[in-house]
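# Observations on chain architecture
Each chain, letter by letter, is given below.
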Amino acid sequence: MLGAHQRWTFSSVHTSIKSACQGLGFAWYPTLKIAQPLKAGNLKALPLVSGAVREVPIYLILSDGEYAHPGVRRLATLLKTVIQNCLQTKAQ
């Protein structure tokens, strides 16, 4: 682990990406946020032996469960569908 004196913390992802594009460090970014810099060659994936991909667990909790507003239930269904599609695409 890097100590606090050995890392920079940015208040926005955009600023962090700009800094990385200028060669001022590295970070794990969502692929969608860095598609253009990757395509342009301003960023490149580091050839890490382990830890190259970071996965973040996502939890969906409906506080009212079956009594939740229909809009909330619809949003939950949409989120589940999108995540399922992403997992299927990743598996291919």
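What comes next concerns the included structure. (Residues numbered from 1 in each chain as written. Predicted model: local features only at pLDDT ≥ 70, side-chain atom pairs only at ≥ 80, totals over all residues. Heavy atoms only, no water.)

## Examining the overall build of the protein
Counting secondary structure elements, the protein contains three helices and zero strands. When the helices and strands of the protein are placed in sequence order, the string is α-α-α. A globule of 92 residues ought to have a C-alpha radius of gyration of about 12 Å, yet the protein, at 18 Å, is considerably larger. With respect to the principal axes defined by its C-alpha atoms, the protein has extents near 50 × 35 × 25 Å. Looking at the protein as a whole, 11% of its 92 residues qualify as buried. (Helix = DSSP H or I, 4+ residues; strand = E, 2+ residues; numbered from the N terminus. Rg over C-alpha atoms; globule rule 2.2 N^0.38 Å. Buried < 20%, exposed > 50% of the residue type's maximum accessible area, 1.4 Å probe, protein only.)

## Looking at the layout of surface pockets
Quantified by volume, the largest pocket comes out at close to 1400 Å³. Lining of the largest pocket is provided by 29 residues; of these, Tyr29, Pro30, Thr31, Val53 and Arg54 occupy positions nearest its centre. If you tally residues by element for the lining of the largest pocket, the top one is helix H3 (residues 70-91), at four residues. For the lining of the largest pocket, the per-class residue count stands at 20 nonpolar, five polar and four charged. (1 Å grid on protein atoms, 1.4 Å probe; cavity = no way out; pocket = protein on both sides within 12 Å on 5 of 7 lines; lining within 4 Å. Points joined across faces, edges and corners; volume = space filled by probe spheres on them. Nonpolar A, V, L, I, M, F, W, Y, C, P; charged D, E, K, R; others polar.)

## Looking at the packing of aromatic side chains
Under the criterion given, the structure shown has two aromatic pairs. Measuring from centroid to centroid gives 6.1 Å for Trp8 and Phe10, while their planes differ by 75°, and the two rings are edge-to-face. The exposure class assigned to Phe10 is partly exposed, which follows from its relative accessible area of 31%. Centroid distance Phe26 to Trp28: 6.3 Å. Interplanar angle 75°. Geometry classified as edge-to-face. (Phe/Tyr/Trp six-rings, centres within 6.5 Å; stacked < 30°, edge-to-face > 60°.)

## Some points on the environment of Val56
Along the chain, Val56 falls in the loop between helix H2 (35-40) and H3. Using a relative accessible area of 68% as the deciding quantity, one classes Val56 as exposed. In this structure, the C-alpha to C-alpha distance between Val56 and Ile34, residues 22 residues apart in sequence, is 18 Å.

## As for the environment of Gly51
Inspection of the secondary structure assignment puts Gly51 in the loop between H2 and H3. On the basis of relative accessibility, which here comes to 40%, the residue Gly51 falls in the partly exposed class. When the C-alpha positions of Gly51 and Trp28 are compared, they lie 9.7 Å apart, and in sequence the two are 23 residues distant.

## Digging into a nonpolar patch on the surface
On the surface, Ile58, Leu60, Leu62, Val72, Leu75, Leu79, Ile83 and Leu87 cluster together into a nonpolar patch covering about 690 Å² of accessible area. Considering the arrangement of structural elements, one finds Ile83 in helix H3. The exposure class of Ile83 is partly exposed, given its relative accessible area of 35%. (Patch = residues over 30% accessible without salt bridge, like charges linked within 9 Å, V, L, I, M, F, W, Y side chains within 5 Å. Areas by Shrake-Rupley, 256 points an atom, 1.4 Å probe, with all protein chains shown as cover. Salt bridge = Lys/Arg side-chain N within 4 Å of Asp/Glu carboxyl O.)

Shape descriptors only; they carry no functional weight alone.
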